[in-house]
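Fold and contact review
Each chain, written out:
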Amino acid sequence: MSLKHKLDYHYRYFDFSQISPDPLEFPHRFSSDPDIEISAFLSSVFAYGNVKMITETLEKVHSEMGENPYDFLMNYRTSKNYFNDLYFRFYTTEDIKELFRGLRIIYEEYGSLRYLFLLYYFENEDNLKSAIKFFSGNLMDIVSGSSEPSPGMKFMFPDPCKNSACKRMNLFLRWMVRKDELDFGLWPEVSPSQLVIPVDTHVARICGEIGLTARKTVSWKMAEEITGKLKEFDPEDPVKYDFAICHIGMRKMEF
């Protein structure tokens, strides 16, 4: 079986019935676009490390937000006793509180993360590197306010121009831009052909084994290389294979 046939087979197999365990489960709990976008962004922000820890933390975050993340966010105030005991790896409790404060400001001023992203999106660019650089930088500036960004904030909003793979940002963008059973397609202005695969250790390992990258270090260059190879199989939607590749790696399955 050719590599394309294998990739297409796994793409079909890893449909919505295979979603668990994955942070993508959380935005699927909601039906309104603002609730989905907020849940998806937060779910991507915490999507690093052990999947059990990720889902446990996201359960706490979503439990605090309740049934309407948008309403929670618009009424959020750091003076209230939200997230007092919540922290996650590189993120302190203060980082998490400031993230919500910053997101409230963004939704008050721009209406959505989508419109903030589109300020620096250009449809003629090969991929979203430049858009991510400006989007991530704006997010860090708004969330940090007048303070120097903490180490957690710097980790939260990486820069592809510094060769970060930007796994979590690319994951959020995949969810927002692509449209199928798994991904929501809420940002139709952005072309799926411009997406870059979210690379973590699982994706890097599998892609190395099947010849999609010769690089050994997870980086933006590796993500671009893998995406370029996947474009040979589907130039319009190369990142559709991401969920399958990631879960094959996570579940230690044979490709």
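Everything that follows concerns the structure shown earlier in this document.
Residues numbered from 1 in each chain as written. Predicted model: local features only at pLDDT ≥ 70, side-chain atom pairs only at ≥ 80, totals over all residues. Heavy atoms only, no water.

What follows concerns the overall build of the chain. Scanning the chain from N- to C-terminus turns up twelve helices and zero strands. From first element to last, N terminus to C terminus, the chain shows the α and β order α-α-α-α-α-α-α-α-α-α-α-α. Whereas a compact globule of 255 residues would reach a radius of gyration of roughly 18 Å, the chain reaches 18 Å, a difference of no more than 12%. A principal-axis box enclosing the C-alpha atoms of the chain has dimensions of 60 × 35 × 30 Å. Within the span of the chain, comprising 255 residues, buried residues form 55% of the whole. Counting contacts in the chain only where the partners sit at least 6 residues apart, residues at least 24 apart contribute 67% of the total. In the chain, 31 positive and 38 negative side-chain charges are present, and the distance between their average locations comes to 5 Å. (Helix = DSSP H or I, 4+ residues; strand = E, 2+ residues; numbered from the N terminus. Rg over C-alpha atoms; globule rule 2.2 N^0.38 Å. Buried < 20%, exposed > 50% of the residue type's maximum accessible area, 1.4 Å probe, protein only. Contact = heavy atoms within 4.5 Å. Lys, Arg positive; Asp, Glu negative; His and termini not counted. Charge placed at Lys NZ, Arg CZ, Asp CG, Glu CD.)

It is worth spelling out the environment of Phe122 at this point. As for its placement among the helices and strands, Phe122 is situated in the loop between helix H6 (113-118) and helix H7 (129-144). Sequence separation between Phe122 and Ile248 is 126 residues; the distance between their C-alpha atoms is 33 Å.

Let's shift gears to the packing of aromatic side chains. Per the counting criterion, the structure on display carries 28 aromatic pairs. Taken together, a centroid distance of 6.3 Å and an interplanar angle of 65 degrees make the contact between Phe14 and Phe243 edge-to-face. Linking Phe14 in the loop between helix H1 (3-13) and helix H2 (33-45) with Phe243 in helix H12 (residues 242-250), this pair joins segments that are 229 residues apart in sequence. The same class applies to Phe14 as to Phe243, namely buried. Taken together, a centroid distance of 4.7 Å and an interplanar angle of 65 degrees make the contact between Phe90 and Phe155 edge-to-face. In this pair, Phe90 is assigned in the loop between helix H4 (69-74) and helix H5 (93-110) and Phe155 in helix H8 (residues 151-156), connecting sequence segments 65 residues apart. Residue class for Phe90 comes out partly exposed when judged on its relative accessible area of 43%. The class for Phe155 is partly exposed, based on a relative accessible area of 29%. (Phe/Tyr/Trp six-rings, centres within 6.5 Å; stacked < 30°, edge-to-face > 60°.)

Judged by nonpolar contacts, the single largest core of 86 residues is most densely connected at Phe100, Leu113 and Phe172. Apart from the residues lying within four places of it in its own chain, the contact partners of Leu113 are Glu37, Phe41, Leu103, Ile106, Tyr107, Phe135, Leu139, Phe172 and Trp187. (Core = buried A, V, L, I, M, F, W, Y, C linked by side-chain atoms within 4.5 Å.)

So, on to the packing of H7 against helix H9 (residues 167-177). Look at H7 against H9: their axes get within 12 Å of each other, and the N-to-C directions meet at 105 degrees. As judged from the angle between their axes, H7 and H9 are roughly perpendicular. Here Ile132, Phe135, Ser136 and Leu139 of H7 lie close against H9, whose contacting residues are Met169, Asn170, Phe172 and Leu173. Residues that form the contact of H7 with H9 fall into these classes: six nonpolar, two polar and no charged. (Axes fitted to C-alpha atoms, helices over the stretch in contact; angles between N-to-C directions. Parallel < 35°, antiparallel > 145°, perpendicular 65-115°, else oblique. Nonpolar A, V, L, I, M, F, W, Y, C, P; charged D, E, K, R; others polar.)

Turning our attention to the pattern of salt bridges. Within the structure shown, the criterion is met by 17 salt bridges. Residue Lys52 pairs with Glu56 through a salt bridge whose shortest N-O separation is 2.6 Å. Remark: Glu56 and Lys52 occur in helix H3 (residues 51-65); sequence separation between them is four residues, near one turn of the helix. Asp234 serves as the salt-bridge partner of Lys240, at 3.0 Å between the closest nitrogen and oxygen. Across the pair, exposure class does not vary: Lys240 and Asp234 are buried alike. One continuous salt-bridge network, built from bridges that share partners, spans Arg174, Arg178, Asp180, Asp183, Asp237 and Asp242. (Salt bridge = Lys/Arg side-chain N within 4 Å of Asp/Glu carboxyl O.)

Let us now look at unusual backbone geometry. Following Ser20, the chain continues into Pro21 via a peptide bond in cis, with omega recorded as 0 degrees. Counting through the fold element by element, Pro21 comes out in the loop between H1 and H2. In this structure, Lys252 takes a positive phi of about 55 degrees despite not being glycine.

What follows is about the packing of H2 against H9. Two elements in contact, H2 and H9, have axes separated by 8 Å at closest approach and are oriented at 155 degrees. With respect to H9, the element H2 is oriented roughly antiparallel. In this structure, H2 meets H9 at a crossing whose hand is right-handed. Contact residues: Ile36, Glu37, Ala40, Phe41, Ser43, Ser44 and Val45 in H2; Arg168, Phe172, Trp175 and Met176 in H9. When its residues are assigned to classes, the contact of H2 with H9 shows seven nonpolar, two polar and two charged. (Left-handed = near helix turned anticlockwise from the far one by under 90°.)

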